[in-house]
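Residue strings, one per chain:
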Amino acid sequence: MRGLSKRVQALKPSSTVAMNAKALELRRQGVDVIALTAGEPDFDTPEHIKEAAWRALKEGKTKYTPPAGIPELREALARKFARENGLSYTPDQITVGVGGKGVLYNLFQAILDPGDEVILIAPYWVSYAAQVELAGGVPVVVKTEAEAGFVPDPEAVAAAVTPRTKALVVNSPNNPTGAVYPEEVLRALAELAQKHDFYLVSDEIYEHLIYEGTHFSPGRVAPEHTITVNGVAKTYAMTGWRLGYAAGPKDVIQAMTKIQGQSVTHPTSFVQWAVIEALESEKSLEFIRMAREAFDRRRRLVVEGLRALGLKTPEPKGAFYVMPDVTPIHEDELKAGEILLERARVAVVPGTDFKAPGHVRMSYATSEENLKEALRRIGELLG
Ligand code: PMP
Ligand code: GLU
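A short tour of the structure in this document, coming up. Please read all numbers here as calculations on a predicted model, not as lab measurements.

How each quantity is defined
- Residues numbered from 1 in each chain as written.
- Chains lettered and ligands numbered in written order.
- Predicted model: local features only at pLDDT ≥ 70, side-chain atom pairs only at ≥ 80, totals over all residues.
- Heavy atoms only, no water.
- Helix = DSSP H or I, 4+ residues; strand = E, 2+ residues; numbered from the N terminus.
- Expected span 1.5 Å × (residues − 1).
- Buried < 20%, exposed > 50% of the residue type's maximum accessible area, 1.4 Å probe, protein only.
- Arc of directions from axis to C-beta.
- Contact = heavy atoms within 4.5 Å.
- Pairing = 2+ DSSP bridges.
- Near = heavy atom within 4 Å.
- Polar contact = N/O pair within 3.5 Å; in protein donor to acceptor, adjacent residues only side chain to side chain.
- Areas by Shrake-Rupley, 256 points an atom, 1.4 Å probe, with all protein chains shown as cover.
- Nonpolar A, V, L, I, M, F, W, Y, C, P; charged D, E, K, R; others polar.

Section: helix α2 (residues 15-28)
The end-to-end C-alpha distance of α2 is 20 Å, a good match for the 20 Å that 14 residues give at a rise of 1.5 Å each. Turning to α2, its buried residues number three or more, namely Ser15, Thr16, Met19, Asn20 and Ala23. One side of α2 holds all its buried residues, which, seen down the axis, span an arc of 130 degrees. Looking at the buried residues of α2, the elements they touch are β1 (34-35), α6 (126-134), β10 (346-347), β11 (349-350) and β12 (360-363). Two residues or fewer after α2 comes Gly30, characterised by a positive phi angle close to 90 degrees.

Printed below as a string of structure tokens:
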């Protein structure tokens with residue numbers, strides 16, 4: 001009998017992807033919309049990385065690779081983890097995948113049985129809950145407060161642990177809040193994973209975009225329990241290249257690779273070669289510095305601008321998102337998002353699927369000119 005699976009019927013489309021697609025479509029139709037929806041840097045991929053991909057193509061690096069990725073890339077990643085994160089992983093503890101998103105998908109498929117619980121710290125990135133559910137798992141939500149800078153209280157996380165807890169996901173710097181968790185909080189969460197013997201999934205994809213505070217990898221505290229997930233999309237403006245990676249206990253990494261070997265096989269061969277250049281070239285450091293400074297200027301512009309308009313706006317310390325309280329526009333954030341789009345022609349992502357009621361997410365990964373115009377339009381709406 002024809003018909004879709006119950007699994008896919010229960011699945012919601014990604015609201016971040018959908019809202020961005022909607023904004024781009026309106027622009028294509030000639031509507032003058034400012035899109036603050038995109039979770040991607042507005043910069044182009046640096047030239048030296050594109051050249052490395054071109055070189056790989058010309059050298060015929062166009063064939064299948066091992067499902068965990070080429071050994072040269074996994075060796076470069078092992079050096080990266082040691083150099084930047086103080087983590088010591090061997091290449092056989094590392095696997096690459098189709099974006100950070102693809103890696104997380106493989107991971108949840110590899111560790112979850114039906115009914116297993118995964119603690120998510122809200123507001124959280126929409127795809128964690130969807131991917132956990134696709135693997136038969138049950139998201140358990142621990143809330144954080146704007147007044148606490150959206151940093152979790154480790155005791156509140158501990159209170160959510162049950163005998164069915166299989167994993168806890170932490171994402172610092174955070175999408176959508178911009179929170180950067182202090183080292184002591186990350187240490188406490190890693191110790192919790194050790195004490196109750198569950199996995200700590202540490203999504204560090206925004207590690208280089210920090211404006212206040214420093215990055216700490218909890219895998220340093222609990223190496224046997226942590227799976228460190230990352231990708232090149234945000235750091236090197238390589239969203240469309242689709243390459244992510246993970247490191248952790250060998251059995252988990254091998255299981256993730258086994259799933260990949262039966263699904264997409266591996267990420268694109270010449271992209272893997274270009275990523276080695278991204279990771280190891282001095283030029284990348286210059287690019288990261290430039291991007292970080294630009295995002296920091298925009299961050300201050302947006303936070304000050306929104307506050308001046310009377311919207312309560314917690315200060316983000318990392319990534320490139322800000323989450324104002326939009327209840328002065330409408331108490332329902334979905335409605336507030338619609339009003340912003342229809343009356344101010346500013347596209348945002350409503351907080352609903354991030355579990356951030358009363359808030360919307362704005363990405364400031366766009367030009368200062370666009371941001372100023374967006375603020376002007378929102379001001380007009382409120383005035
Ligand atoms: N983790 C977080 C927190 C993200 O915001 C994103 C997407 N932007 C990803 C993972 C996945 O990124 P990608 O698949 O593009 O590597
Ligand atoms: N992660 C980005 C975002 O949150 C890109 C879209 C997605 O993959 O969710 O907007």
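Some remarks on the side chain of Ser217
Positionally, Ser217 belongs in the loop between β6 (199-203) and β7 (226-231). With relative accessibility at 2%, the residue Ser217 sits in the buried group. If we ignore the near neighbours within four places in the chain, the residues touching Ser217 are Asn85, Leu87 and Glu204.

Notes on the sheet that holds β12
Taken together, three strands build an open sheet; the order of strands is β9-β12-β11 and the sheet is antiparallel. In this open sheet, the two strands that pair with only one neighbour each are β9 (321-322) and β11.

Observations regarding the site of ligand 2
Residues in close proximity to ligand 2 include Thr16, Val17, Gly39, Lys101, Trp125, Asn175, Lys234, Tyr321 and Arg361, which together make up its full environment. For ligand 2, an oxygen atom lies 2.6 Å from a polar atom in the side chain of Thr16. In this structure, an oxygen atom belonging to ligand 2 sits 2.9 Å away from a side-chain N or O atom of Trp125. A total of 280 Å² of accessible area belongs to ligand 2 in isolation, and the protein chains cover 83% of it. For the shell around ligand 2, a count of residues per class yields three nonpolar, three polar and three charged.

Focus on the environment of Leu279
Checked against the element boundaries, Leu279 lands in helix α10 (residues 269-280). When its relative accessible area of 5% is taken as the criterion, Leu279 is described as buried. With 128 residues separating them along the chain, Leu279 and Val151 place their C-alpha atoms 30 Å apart. Ignoring sequence-local partners within four residues, the contact set of Leu279 consists of Leu73, Ala76, Leu77, Lys80, Arg83 and Tyr236.

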